[in-house]
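# Observations on the model geometry
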Amino acid sequence: MEEECSCSDLKTANNQRWEYLGSTRPLKAQCNFKQSTKCIPVTYGGRNLIAFNVVRFLLLNENPEQWGEEDEMASRGLVSRVDLSKHGNDTGPSDTSSITSMDFTSACLDDRAMLVAFSSGEVQAMPLPIQSSSTDFYSRIMRFNSQKSVNSSACVRAVWAPDDASGTCFIAVYEDGDIIRHHKIIGNSSDSDLLNQSSSGGGHETTESIIHLEGCSITAAEMSPDGRYMAVGTRTGALIIVDLQASGKTVGGFHSFFGAITCCAWSGDGTVIAAGGEDDLISIWKVGSDRVQAHCEGHTSWVSSVAFVNDESCSSLLLVSVGQDCRLCMWDIALEDEESSSMHVCDDGTHAVDVRQDEMNMISPVGSLVVDNHPLSHVCCLGTMILAGGYDGTVTCWKQQK
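Residues numbered from 1 in each chain as written. Predicted model: local features only at pLDDT ≥ 70, side-chain atom pairs only at ≥ 80, totals over all residues. Heavy atoms only, no water.

### A short note on the overall build of the chain
- Across its full length, the chain carries one helix and 33 strands.
- Out of the 402 residues in the chain, the part that is buried amounts to 58%.
- Relative to all contacts within the chain whose residues are 6 or more apart in sequence, the contacts with residues 24 or more apart total 56%.
- Counting every atom, the chain has about 16,700 Å² of accessible surface; 44% of that belongs to carbon and sulfur. (Helix = DSSP H or I, 4+ residues; strand = E, 2+ residues; numbered from the N terminus. Buried < 20%, exposed > 50% of the residue type's maximum accessible area, 1.4 Å probe, protein only. Contact = heavy atoms within 4.5 Å. Areas by Shrake-Rupley, 256 points an atom, 1.4 Å probe, with all protein chains shown as cover.)

Okay, structure coming up:
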């Protein structure tokens with residue numbers, strides 16, 4: 001039986017306790033910083049599941065509350081798994097590509113509710129692996145930009161458009177600065193102008209360019225909860241806010257203290273952005289402000305992922321982060337009210353006023369925990385649970401205790 005990771009409950013200075021539910025590691029993978037494990041919540045048939053990847057395997061697991069302590073880590077909660085490096089009789093993305101992004105929608109006209117993006121630039125829309133047989137599964141995958149016909153760089157983020165109730169439209173952000181809206185067309189069409197590219201899986205796609213951010217090498221991107229804005233992090237350390245409903249107009253943002261932006265997240269109400277970076281810090285910016293309100297200091301290596309915790313009982317914002325220092329941190333963030341929090345163009349058109357080091361408002365974590373001896377790659381929240389993925393393929397879970 002594989003040894004359980006040496007993890008424990010997380011107790012915070014603001015009198016919260018997060019109970020350690022366990023870890024699962026269905027596939028043994030070597031620690032590879034180009035093959036990060038990401039995890040997201042999905043629903044199927046009234047069941048709350050989690051989807052995550054190990055290298056290019058897509059796995060579905062039961063809700064962590066259903067995991068059995070007596071089960072081995074390799075089989076704990078496992079529902080199904082598929083190898084996305086294969087595609088029927090063809091091969092999928094190249095052996096050197098990795099999964100960069102995953103998203104799920106419960107609103108979908110067909111069964112392809114799962115969206116997976118790759119560093120090769122390809123994006124795949126697919127059914128959940130439990131909805132069809134393995135043979136059927138591969139034939140149902142729709143592949144976008146598979147021959148780099150739309151963009152030749154890596155797809156950093158692909159997310160379903162919240163303003164599309166049919167689940168046929170998604171936004172893809174590419175490393176070279178392109179933000180493109182893809183439309184998934186089910187079945188056939190007689191309009192040859194509409195179908196500018198064929199896609200496998202019984203459908204077609206059309207594309208609509210939103211904006212090209214000139215001179216940007218994009219490293220992170222996240223859409224606002226209302227679907228209007230895209231927060232884009234760059235290799236030069238800029239976090240740029242793009243208005244998707246105004247032809248990609250840049251409406252604000254800020255700079256990291258130094259180094260690239262590695263991850264970002266919006267608060268649930270879309271008023272605050274958190275961005276982690278190579279400076280080991282997390283910048284907290286209130287939308288519309290002319291400066292970064294706070295810097296979270298607690299990691300000793302690059303911050304890999306950040307997520308806001310949905311806790312209505314808390315008057316402040318709860319933020320959780322993981323990093324390449326193998327550490328999970330929790331932050332209690334209280335921001336002062338400002339006169340205006342509306343979007344505006346900053347002085348240089350891209351970012352807020354830089355804050356000098358002696359003016360930085362440093363926040364310490366209210367809780368911190370070394371999860372394992374492998375660096376962590378991703379964190380997400382599922383209700384009152386926190387899920388953390390590691391570069392070695394391990395997924396670890398905690399549940400908030402009231």
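### Regarding the pattern of salt bridges
- Per the counting criterion, the structure on display carries eleven salt bridges.
- A salt bridge links D9 to R17, with the nearest nitrogen and oxygen atoms 2.5 Å apart.
- The class of R17 is partly exposed, set by a relative accessible area of 34%.
- Ionic pairing is found between R291 and D290, a salt bridge with its closest N-O pair at 3.8 Å.
- The class for R291 is partly exposed, based on a relative accessible area of 35%. (Salt bridge = Lys/Arg side-chain N within 4 Å of Asp/Glu carboxyl O.)

### What to know about the sheet that holds strand β2 (residues 17–24)
- Reading across the sheet, the five strands line up as β1-β2-β33-β32-β31 and stay open at both edges, with antiparallel pairing between neighbours. Two strands bound the open sheet, and with one partner strand each, they are β1 (10–11) and β31 (376–382).
- Sheet topology note: the β2/strand β33 (residues 395–401) ladder contains seven bridges and is antiparallel. Among the inter-strand pairings, Y20 is bridged to a residue of β33, identified as W398. (Pairing = 2+ DSSP bridges.)

### So, the nonpolar core
- Counting 20 residues, the largest nonpolar core has V42, L58, L84, M114, V116 and M126 as its most contacted members.
- When residues of this core are traced back to their parent elements, those giving at least two are β3 (39–44), β4 (47–54), β5 (57–62), β9 (99–104), β10 (114–118) and α1 (134–140).
- Setting aside anything within four residues of it in sequence, one finds V42 in contact with R47, N48, L49, I50, A51, L60, F104 and M114. (Core = buried A, V, L, I, M, F, W, Y, C linked by side-chain atoms within 4.5 Å.)

### Re the confidence of the model for the chain
- When the pLDDT values of the chain are averaged, the result is 81; 80% of them are 70 or greater.
- For residues 188–202, every residue scores under 50 in pLDDT, and the model assigns this stretch 35 contacts once sequence neighbours within four places are set aside.
- When the criterion is pLDDT under 50, residues 340–351 qualifies, and its contacts beyond four places in sequence or with other chains add up to 32 contacts. (pLDDT = per-residue confidence, 0-100.)

### Topic: the packing of aromatic side chains
- Scanning the entire structure with this criterion turns up six aromatic pairs.
- Relative to W285, the ring of F254 has its centre 5.7 Å away and its plane inclined at 50 degrees; by these criteria the two rings are tilted. Of this pair, F254 sits in strand β21 (residues 249–255) while W285 sits in strand β24 (residues 281–286); the two residues are 31 residues apart in sequence, bridging distant segments of the chain.
- Relative accessible area serves as the criterion here: at 1%, W285 is assigned to the buried category. (Phe/Tyr/Trp six-rings, centres within 6.5 Å; stacked < 30°, edge-to-face > 60°.)

### Topic: the sheet that holds strand β28 (residues 327–333)
- One open sheet holds the four strands; their spatial order is β26-β27-β28-β30, and the pairing between them is antiparallel. Of all the strands in the sheet, just β26 (303–309) and β30 (367–370) have a single pairing partner and so form its edges. The average angle at which neighbouring strand axes cross in this sheet is 15 degrees, direction not considered. (Axes fitted to C-alpha atoms, helices over the stretch in contact; angles between N-to-C directions.)

### A closer look at the pairing of β30
- With burial as the criterion, only one face of β30 is covered, namely that bearing G367 and L369; the residues S368 and V370 on the opposite face remain uncovered.
- In the sheet, β28 pairs with β30 via four bridges, with the strands oriented antiparallel. Considered in β30, the bridge of R327 is made with V370.

### Brief notes about the environment of N145
- Turning to its location among the elements, N145 is positioned in the loop between β12 (142–144) and β13 (155–160).
- For the pair N145 and H182, spaced 37 residues apart in sequence, the C-alpha separation works out to 9.9 Å.
- A polar side-chain atom of N145 sits 2.9 Å from the main-chain amide nitrogen of V150.
- For N145, the side chain forms a polar contact with the main-chain oxygen of N151, separated by 2.9 Å. (Polar contact = N/O pair within 3.5 Å; in protein donor to acceptor, adjacent residues only side chain to side chain.)

### Comments concerning the environment of G167
- Structurally, the position occupied by G167 is in the loop between β13 and β14 (169–174).
- In this structure, the C-alpha to C-alpha distance between G167 and A107, residues 60 residues apart in sequence, is 5.3 Å.
- If sequence neighbours within four positions are ignored, G167 has contacts with A107, C108, W160 and K184.

### Notes on the side chain of S267
- Note on placement: S267 falls in the loop between β22 (261–266) and β23 (272–277).
- Taking the relative accessible area as the measure of exposure, S267 reaches 1% and is therefore buried.
- Sequence-distant contacts of S267, that is, excluding residues within four places in its chain, are made with P225, V272, F308 and L317.

### Considering the state of the cysteines
- Tallying each qualifying case throughout the model produces zero disulfides.
- Residue C381 stays outside any disulfide, its sulfur separated by 6.7 Å from that of C380, the closest cysteine.
- Taking relative accessible area as the criterion, C381 reaches 21% and is therefore assigned partly exposed. (Disulfide = S-S within 2.5 Å.)

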